[in-house]
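An overview of the molecular structure
Here is how the chains run, residue by residue.
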Amino acid sequence: MVTPRYPNDDACWQAVKTRDATADDHFVVAVPSTGQYCLPSAVTILPARDNVEFFRHSAAAEAAGYTLSEASTPTPRYPAKWLTIVKKSCYLIENAEQLPDLSTLADHCAVSSGYLHRIFKSVTGLTPKAYSAGLRAIRLREQLKDPQQSVSEAIYQAGFNANSRFYETATQRLGMTAKHYQRGAAGVTIYFALGQCSLGSVLVAQSEKGVCAISLGDEPDSLIEQFQQQYPHAILVGGDAHYEQIVAQVIGYIEHPGSTWHLPLDIQGTVFQERVWRALRDIPLGSTVSYSDIAEQLGSPKSVRAVAQACAANRLAIVIPCHRVVKRDGQLSGYRWGVARKEALLLREKKLNKA
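Presented here is a report on the structure given in the accompanying data block. The shown structure was predicted, so the numbers you read here are calculated from the model rather than taken from an experiment.

This next bit is on the sheet that holds strand E4 (residues 67-68). Pairing is mixed across the open sheet formed by four strands, whose spatial order is E3-E1-E2-E4. Every other strand in the sheet has two partners, leaving strand E3 (53-55) and E4 as the edge strands with one partner each. As paired elements, strand E1 (residues 28-31) and E3 share three bridges and run antiparallel to each other. Counted as the bridge partner of Ala30 is Glu53 from E3.

Given below as structure tokens:
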């Protein structure tokens, strides 16, 4: 992807990092892990560098299979002063060797800590602390990919000032110990199995904490390949008789979403993502809400973009019912496992609700 002003991917990446609005006329940025694309200035949470693609225009991105992110849809306007301060804060957080605290950010922006906290959350849907935590998690995953680097070195490179601060939430953020993550989940046993349901193929995976993934697709081989890429060195146990019983329970829930979910879950995400996912699980069967409804429920009515991104990051289909979130006008928006499946699920749940 080449444009005169942005001749290579490095130039495009720099524009994304700085949320350069002038780049919006030259290219779009796509994130393979979510299957969505948006304008460079509309990126809310910076993805990992190796998890982006650049396209000269939206048509090229859509031809490659990406859908438009909610981040690029019209949203309420914010005062120019707010946007300048928030963009500066994001840039400082993303480029600091040691992630700055709220007071340091406020000093750099020449505003009070309380003022910065309020406008940052209004614009991004996250507090500066939660944004920093999400960025640390991304950095840590990148650092742990280097087998020559010790876990302690990776922790400090990611912005943690002390090992103890990291280990307080290590398993929650990575789903396993840092050493296991660095080794591609080496030694960690993850049970998985494939099944068939009315929506197509389904893959269910479970860590020692609980069900960590429920994926839907057309081709079982594709589901397995995606799963193996995530945990390349884990002990993946498939076809276990006991676990197949669990898969049967999951498929039963998919076919009868009005039933009660009894299995433990291994839910991993940022603080804001987990707040969104909890709100999704409170949506009644047969009902839908908009992204803005969820944002208002969370007390952050202008965080529509961040809500949409949290829905796209959900890895537990059906159980965390992101399919129940639609556009403000009631139209269906993108769905990680296909809009056709989203429509089928909503029709099924409405019928069950009327029964």
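Following the criterion strictly, the structure yields four salt bridges and no others. The partner of Arg49 in a salt bridge is Asp10, and the shortest N-O contact between them spans 3.5 Å. In this pair, Arg49 is assigned in the loop between strand E2 (36-38) and E3 and Asp10 in helix H1 (residues 9-17), connecting sequence segments 39 residues apart. Taking the relative accessible area as the measure of exposure, Arg49 reaches 31% and is therefore partly exposed. Measuring nitrogen to oxygen at the nearest pair gives 2.7 Å for the salt bridge that ties Asp218 to Arg341. Here Asp218 is found in the loop between strand E7 (211-217) and helix H11 (220-230), whereas its partner Arg341 is found in helix H16 (residues 339-354), with 123 residues between them in sequence.

Even without glycine at this site, Ala110 takes up a positive phi of about 60 degrees. Take Ala110: it is sitting in the loop between helix H4 (102-109) and helix H5 (113-124). In this structure, Ile318 takes a positive phi of about 70 degrees despite not being glycine. Tracing the sequence through the fold places Ile318 in the loop between helix H15 (304-313) and strand E10 (325-326).

By the element assignment, Val43 lies in the loop between E2 and E3. Relative accessible area serves as the criterion here: at 8%, Val43 is assigned to the buried category. Put simply, Val43 and Ser69 are 26 residues apart on the chain and 9.6 Å apart in space, counted from C-alpha to C-alpha. In this structure, Val43 is in contact with Val16, Arg19, Val29 and Cys38, ignoring residues within four places of it in sequence.

Here is what the cut-offs are and how they apply
- Residues numbered from 1 in each chain as written.
- Predicted model: local features only at pLDDT ≥ 70, side-chain atom pairs only at ≥ 80, totals over all residues.
- Heavy atoms only, no water.
- Pairing = 2+ DSSP bridges.
- Helix = DSSP H or I, 4+ residues; strand = E, 2+ residues; numbered from the N terminus.
- Salt bridge = Lys/Arg side-chain N within 4 Å of Asp/Glu carboxyl O.
- Buried < 20%, exposed > 50% of the residue type's maximum accessible area, 1.4 Å probe, protein only.
- Contact = heavy atoms within 4.5 Å.

Any functional reading would require information beyond the geometric quantities listed.
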